[in-house]
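Residue-level listing of the chains:
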Amino acid sequence: MKALALLALAGVSCMAVAEEQSSAPANTQESLEVERYEYAMDLDIAHVIKSPDIPNVCGVVPVQMTYEDHQGKRHILEYRVVGKGCQNG
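Everything numeric here is computed off the predicted structure, so don't read it as measured data.

With respect to the overall build of the protein chain
Scanning the protein chain for helices and strands turns up 1 helix and 4 strands. Taken from N to C terminus, the helices and strands of the protein chain fall in the order α-β-β-β-β. Per-residue burial for the protein chain yields a buried fraction of 15% across its 89 residues. When the accessible surface of the protein chain is split by element, carbon and sulfur atoms take 55% of a total near 7,200 Å².

Next up, the structure:
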C-alpha cells in the first residue's frame with residue numbers, strides 16, 4: 001500500500017514540474033524586447049522556438065519569430081513577409 005501511495009505522489013509531482021516548465025517560456029517571452037530586422041543584420045540563430053504562421057492577407061505584414069542564440073539567450077525578431085492571400089493573375 002505504501003508503494004502505491006509513493007507511486008501516486010511521484011506522478012503528481014512530475015505533473016507539477018511539467019506544468020511549471022511549460023509556463024516558464026511564456027513568462028520569459030513577455031519580458032523580451034522585440035528586435036526589428038534590418039537588411040544585412042548579423043543574426044545568431046541556434047534554435048527556432050516559435051515561427052510565425054503567414055497570414056492569409058494580400059500584402060506585406062509584420063510577423064515575429066522567437067529563437068535562441070548559441071549562448072542560450074532568447075530573442076524575438078520582427079520582420080515582414082508577403083501574406084498568402086494574394087492571387088496570381
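Quick notes on the sheet that holds strand β4 (residues 74-82)
Taking strand neighbours across the sheet as the criterion, the 4 strands line up as β1-β4-β3-β2 in an open arrangement whose pairing is mixed. The open sheet has two free edges, formed respectively by β1 (34-36) and β2 (47-50), since each of these has just one partner strand. Strand-to-strand, the axes of this sheet are offset by a mean angle of 45°, without reference to chain direction. In this sheet, β4 lies alongside β1 in parallel orientation, the contact comprising 3 bridges. Residue arginine 36 lies in a different strand from β4, and its bridge partner there is glutamate 78.

Focus on the pattern of salt bridges
Tallied over the entire structure, the rule returns 2 salt bridges. Notably, a salt bridge pairs arginine 36 with glutamate 78, separated by 3.5 Å at the nearest N-O pair. Note that arginine 36 is positioned in strand β1 and glutamate 78 in strand β4, a separation of 42 residues in sequence. Arginine 36 sits in the exposed class, given a relative accessible area of 57%. Its salt-bridge partner being glutamate 68, residue arginine 74 comes within 3.4 Å of it at the nearest N-O pair. Given a relative accessible area of 21%, arginine 74 falls into the partly exposed group.

Parameters at a glance
Residues numbered from 1 in each chain as written. Predicted model: local features only at pLDDT ≥ 70, side-chain atom pairs only at ≥ 80, totals over all residues. Heavy atoms only, no water. Helix = DSSP H or I, 4+ residues; strand = E, 2+ residues; numbered from the N terminus. Buried < 20%, exposed > 50% of the residue type's maximum accessible area, 1.4 Å probe, protein only. Areas by Shrake-Rupley, 256 points an atom, 1.4 Å probe, with all protein chains shown as cover. Pairing = 2+ DSSP bridges. Axes fitted to C-alpha atoms, helices over the stretch in contact; angles between N-to-C directions. Salt bridge = Lys/Arg side-chain N within 4 Å of Asp/Glu carboxyl O.

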